[in-house]
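# Working through the structure, step by step
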Amino acid sequence: MDDGSIDVKRAAREAVYAMDLKDINPVDPEPFRTDTWAPYFERLRAEDPVHWAVSDEPEVGGYWSVTRWDDIMAVDTNHEAFSSEPTIVLPDPAEDFTLPMFIAMDPPKHDVQRKTVSPIVAGPNLAKLEPIIRERAAVILDACPIGEEFDWVDKVSIELTTMTLATLFDFPWEDRRKLTRWSDVATAAPDSGVFKSTDPEEAENERRAELFECVDYFMRLWNERVNAPPAGDLISMLAHGESTRDMDRMEYLGNLILLIVGGNDTTRNTITGSVLALHQNPEQNRKLRDNPALIPSMVSETIRWQTPLAYMRRRATRDIELGGKTIKQGDKVAMWYVSGNRDETVIDRPNDYIIDRERVRQHLSFGFGIHRCVGNRLAELQLKVIWEEILKRFPKIEVTGAPRRVYSSFVKGYETLPVIIPTRL
């Protein structure tokens with residue numbers, strides 16, 4: 001299986017280097033769908049690491065692309081100069097549909113809201129979750145067909161992460177795939193195929209309708225939990241938390257979307273990415289199977305290699321110099337984690353997938369500073385467990401065709417990945 005022909009990627013690279021530098025606009029989702037995104041960032045890192053671009057999308061407009069590791073770190077760890085309000089994506093929110101969430105807040109409100117939910121992904125609770133995740137991983141993998149093609153994304157990646165998310169919310173089990181749908185709806189572009197219509201206005205109306213269904217569903221759960229003694233699930237934590245119990249409907253929806261996308265989209269795409277990466281790098285696959293103790297290292301390398309969220313946006317709170325450029329107060333800034341994770345000056349052979357590389361946890365995928373991913377340990381745990389269970393069962397997973405990638409420059413993921421498992425151990 002040749003995932004994305006060499007000729008297509010060579011042609012894409014030549015086209016990127018033939019462009020005027022000022023015309024490079026990394027927020028275009030098409031190169032992410034075709035897996036031809038890398039040359040854009042390679043060129044920007046080399047020639048214009050703090051790059052001003054203007055998008056044709058009016059809700060995006062002009063923005064700075066920050067593509068080198070050190071510059072990304074300078075932005076991510078300086079929340080006073082680079083605010084995460086009002087959103088973490090480049091398109092501005094519609095005035096009549098704003099979704100406050102703690103990842104898109106500054107201190108002190110960010111800190112108290114994050115603190116409300118963080119115990120659920122802290123060490124003691126992860127210790128309780130691990131056997132539950134392992135039991136479910138076993139059930140999922142034992143249900144995989146042998147010798148016939150199936151979609152790994154749907155059968156494994158989505159199932160495991162959605163089951164975990166349903167547990168964190170104490171969400172009705174039979175409706176858990178609603179969480180998957182709401183995650184997709186929250187982040188999808190109008191022409192992504194997620195909506196019935198490709199007309200931007202009609203697609204946006206569909207998105208809003210489904211997200212209102214989401215908050216209505218969760219409001220019923222909120223009302224049940226707020227009238228019951230405090231419990232250990234996320235909804236109960238929000239309903240009883242001093243800093244969250246008085247949230248209005250849209251702020252509740254915003255934090256739900258943050259938790260759903262953060263807990264579902266990113267981990268499921270890294271699970272799929274691990275199967276693809278090991279298929280594309282058979283020597284690394286052999287290395288892993290010969291030494292399963294490398295699983296935690298492989299997990300970290302996959303999180304770097306995949307970079308499930310390609311960027312995060314910030315807003316300059318004052319004029320500030322970065323990389324020799326003056327960023328003006330109010331300017332949008334995109335920290336391209338997907339580029340920093342390929343920065344040749346910081347990471348040795350960054351385009352190679354090396355499961356036992358030195359300093360393997362040195363990556364940007366979880367972010368840094370006050371907004372570092374709150375669920376990073378849970379993500380690593382799910383990946384570790386699923387691969388421990390895979391190696392007990394399957395001597396080989398064959399990828400039988402190219403993946404269909406998500407049409408997005410924010411969520412870097414997969415819609416489908418066809419595989420065959422030839423035999424079981």
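This text gives an overview of the structure that appears in the document. (Residues numbered from 1 in each chain as written. Predicted model: local features only at pLDDT ≥ 70, side-chain atom pairs only at ≥ 80, totals over all residues. Heavy atoms only, no water.)

### As for the state of the cysteines
This is how it is decided: Two cysteine sulfur atoms make up a disulfide if the distance between them is within 2.5 Å. To sort residues, take the accessible area from a 1.4 Å probe on protein chains only and compare it with the maximum for the residue type: under 20% means buried, over 50% means exposed, and anything in between is partly exposed.
Taken as a whole and assessed by the stated rule, the structure comprises 0 disulfides. Between Cys-214, a free cysteine, and Cys-373, which holds the nearest cysteine sulfur, the sulfur-to-sulfur gap is 19 Å. The buried category is assigned to Cys-214, whose relative accessible area is 0%. Residue classification places Cys-373 among the partly exposed positions, given a relative accessible area of 30%.

### Quick notes on the pairing of strand β2 (residues 62-66)
Our working rule: We count a stretch as a helix when DSSP gives it H or I for four or more residues in a row; a strand needs E for two or more, and each element gets its number in order from the N terminus. Strand pairing requires that DSSP identify at least two bridges connecting the strands.
Of all the 5 residues making up β2, 4 are buried; the element is thus mostly covered by neighbouring parts of the structure. Bridge count between β2 and strand β8 (residues 332-335): 3 bridges; the pairing is parallel. Along β8, the bridge assignment pairs Ser-65 with Ala-334.

### Quick look at the sheet that holds strand β9 (residues 398-399)
Strand order in the open sheet formed by 3 strands is β4-β12-β9, with antiparallel pairing between adjacent strands. At either end of the open sheet lies a strand with only one pairing partner, and these are β4 (150-151) and β9.

### Notes on the nonpolar core
To keep it simple, the criterion reads: Only buried residues count toward a nonpolar core, which is a set of Ala, Val, Leu, Ile, Met, Phe, Trp, Tyr and Cys residues joined through side-chain atoms within 4.5 Å. We call two residues in contact whenever any of their non-hydrogen atoms come within 4.5 Å of each other.
Formed by 127 residues in total, the largest nonpolar core has its most connected members in Trp-152, Phe-169, Phe-218 and Trp-387. Considering each element in turn, this core owes the most residues, 14 residues, to helix α11 (residues 249-280). Residue contacts for Phe-169: discarding those within four places in its chain leaves Leu-179, Phe-218, Arg-225, Asp-233, Leu-234, Ile-235, Leu-256, Leu-259 and Ile-260.

### Things to note about the sheet that holds strand β5 (residues 312-316)
Heads up, the rule is: Angles run from 0 to 180 degrees between N-to-C directions of axes, and those axes are lines fitted to C-alpha atoms, restricted for helices to the stretch in contact.
If you trace the 5 strands from one edge of the open sheet to the other, you get β1-β2-β8-β5-β3, paired in mixed fashion. Only two strands of the sheet have a single neighbouring strand rather than two, namely β1 (50-54) and β3 (82-83). As defined by bridge partners, β5 adjoins β8 across 4 bridges and the pair is classed as antiparallel. Considered in β8, the bridge of Arg-314 is made with Val-333. Most of the contacts of helix α4 (residues 69-76) go to β8, to which it runs at about 125°, and overall it touches β1, β2, β3, β5 and β8.

### Some words on the environment of Val-75
Position of Val-75 among the secondary structure elements: in helix α4. Along the chain, Val-75 and Gly-369 lie 294 residues apart, while their C-alpha atoms are 9.3 Å from each other. Residues within four places of Val-75 in sequence aside, it is in contact with Phe-82, Arg-314, Leu-322, Val-333 and Met-335.

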